[in-house]
Amino acid sequence: MCSHLHNLIKVRKSDALFNLLHFVTDHRKTEEAELDTDVDKMEKEPGNINKAKVEEEVPWYRTLTPYKLYVLLILLVTYLLNQLDRYMLAISSKAMAQEIHFGDKACMKNTSAQDSDFNGLKCETFSSADSCRNATSNLTHATGLCYYDYNGQGLEYQIVAGPAFTVIYTFGGIFISYAAEKYNRKAMLAACLMFWSVMTLLTGFVKEYWQLVILRFGLGFGESGCGPFAVSILTDYFTPETRGFALGIYNWGIYFGYSMSYAFGNFISLANINGQGWRWTFILSGIPGLAVGLLMFVSLKEPERNQNQLELSGTACQRLGKTLKNFCSPSLLLICLAGSIRNASGYVFAYNTQLYFTQIGQTPEQIGKYLSWIPLVGGSFSVLLGGFISDRLVRRLGLYSRILVIGVSLLIAAPFAAGTLYFDPPGAYFFQIPTYIFGEMWVGITLAVVVELVPSEIKTTAVAAYLFIISNIGGNANLLVPPLAQHFESQNYSKSDSLRYALYIMYPGPYVYGALVYLCSLLVIRRDKRKAAKENYKSDE
């Protein structure tokens, strides 16, 4: 085991990592005998045969039955719709803002004009409506080269993208998860799916900004049940050896849905069905969730829980107290902090990608051409590879391997994320491929770490608590983008450069900071894993 670890250290050739891993190796040697004694005691206890040990004797791929894969497929589609409905706002915000009037106004390029017509003119340099109109008074183009209108940015946009969704999303997830500890999870997940699909569909009919805010609240409440219910179901269907693989496949939904939002938001809007443009993107996004919800009700079976339901005791407040007590452990605190930092980067760029590329002169067709497949390919490969690697290494290095995969992959991804902002299209788009491949491994692996660090009877609540923390911190980080951009504008930078520099701070930077915090958790994670194992043993007695 030590030889494998030293080989890994040689490959990375990082002095900082070497010192950290050397400490972890010594620390593990002193604790391994004690932990093995506890595990042997649990396995030898009469009437308490360790189910996980029995399953280890079966090759991991033989535990993947057709029905388990069907369940995984249904949950993957559910998560796909979750992300599609969530990020449709980010793609359609400019057209929405111009019709229902919210956010900032700016002088923008008329995309129907030819580049040769501008002769070096940059519309974004004009800060007022009058200067924008005067700049194109020569009528080189029939409708003008520049126009002054709502640009889909500003504080009002960031509010509906962030707090209006994330506040109810995070608080709702905590309270909904309590019911999942005792009641039918697949039925509640199906109900949540159908509810948020109705909210998405109704968004296609909004006339006022306040209506959009209310529907985003509703969307957040419905989507808050997706993560806790789905992850809890998956962890009961799949063994620890295949759990990382299953969560990796499940998290493909992020990238399928996110990529589809670019295809729907750009190409369906351009199709301008019934002259309603962006409205049909929400209508068509909401309808499939109703059908999938009904299918889930009918065809999915509630899995047998890994713990005895009848042994769940205490009020909701008592279980919340137990969850909070576990989350006060050093390892979970560090993991939540690292996840929040990394999640902030993802939320910021996801809700500003379309706006950024539009600001630097890209058309909806150009954006949709690349971003309708790049997140799908890069992100899906990333989470599957990350889950597979962490599952294979976990047998050799234990829980440490999952953290190592996250930390190293984020450090590799950071330069590519910066390249997306530094280079012009189409090169900027292609820098997203390695960014996704290396930068998205953390999603499924972190969930696997969280459920392994808490007692089994509170794992659903623990997932909800984890999502609550990283979503409240990361999901509201995009509120920092407007003041940062305004700061750079005050230094006489153009609007596009100001947004670019704000994104430098909020996009590649958190990859590095988050990676360092993840690696710091290696110092304490062994102790907390042992504590969770002991609590699971006590609950079985």
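Here's what I pulled together on the structure shown here. None of these values were measured; they are calculated from a predicted model. (Residues numbered from 1 in each chain as written. Predicted model: local features only at pLDDT ≥ 70, side-chain atom pairs only at ≥ 80, totals over all residues. Heavy atoms only, no water.)

### What about the packing of aromatic side chains?
- One pass over the structure, following the stated rule, counts 27 aromatic pairs.
- Relative to Tyr70, the ring of Tyr67 has its centre 6.0 Å away and its plane inclined at 40°; by these criteria the two rings are tilted. Pair noted here: Tyr67 and Tyr70 are both in helix H4 (residues 66-100), with a separation of three residues, about one helical turn.
- Note on Tyr70: relative accessible area 25%, which makes it partly exposed.
- Between Trp252 and Phe256 the ring centres are 6.1 Å apart and the planes differ by 40°, which places this aromatic pair in the tilted class. Here Phe256 and Trp252 lie together in helix H13 (residues 252-271), a separation of four residues that amounts to about one turn.
- When the ring centre of Tyr67 is taken as origin, the NZ or CZ atom of Lys301, which lies over that ring, is 5.3 Å away.
- When the ring centre of Tyr511 is taken as reference, the NZ or CZ atom of Arg342 above it lies at 4.3 Å. (Phe/Tyr/Trp six-rings, centres within 6.5 Å; stacked < 30°, edge-to-face > 60°. Helix = DSSP H or I, 4+ residues; strand = E, 2+ residues; numbered from the N terminus. Buried < 20%, exposed > 50% of the residue type's maximum accessible area, 1.4 Å probe, protein only. Lys NZ or Arg CZ within 6 Å of the ring centre and 35° of its normal.)

### Section: the layout of surface pockets
- Reported here for the second largest pocket is a volume of approximately 800 Å³.
- What lines the second largest pocket is a set of 29 residues, among which Lys109, Glu124, Gln359, Ile360 and Gly361 lie closest to the centre.
- For the lining of the second largest pocket, the per-class residue count stands at nine nonpolar, twelve polar and eight charged. (1 Å grid on protein atoms, 1.4 Å probe; cavity = no way out; pocket = protein on both sides within 12 Å on 5 of 7 lines; lining within 4 Å. Points joined across faces, edges and corners; volume = space filled by probe spheres on them. Nonpolar A, V, L, I, M, F, W, Y, C, P; charged D, E, K, R; others polar.)

### Focus on the pattern of salt bridges
- Scanning all chains against the criterion turns up eight salt bridges.
- Measuring nitrogen to oxygen at the nearest pair gives 3.0 Å for the salt bridge that ties Glu223 to Arg86. Of this pair, Glu223 sits in helix H10 (residues 209-223) while Arg86 is found in helix H4, placing the two residues 137 residues apart along the sequence. One exposure class covers both Glu223 and Arg86, and it is buried.
- Note that Glu489 is salt-bridged to Lys495, the shortest N-O span being 3.4 Å.
- The structure contains a network of salt bridges with shared partners spanning Arg185, Asp236 and Glu302. (Salt bridge = Lys/Arg side-chain N within 4 Å of Asp/Glu carboxyl O.)

By themselves, these figures tell us nothing about what the structure is for.
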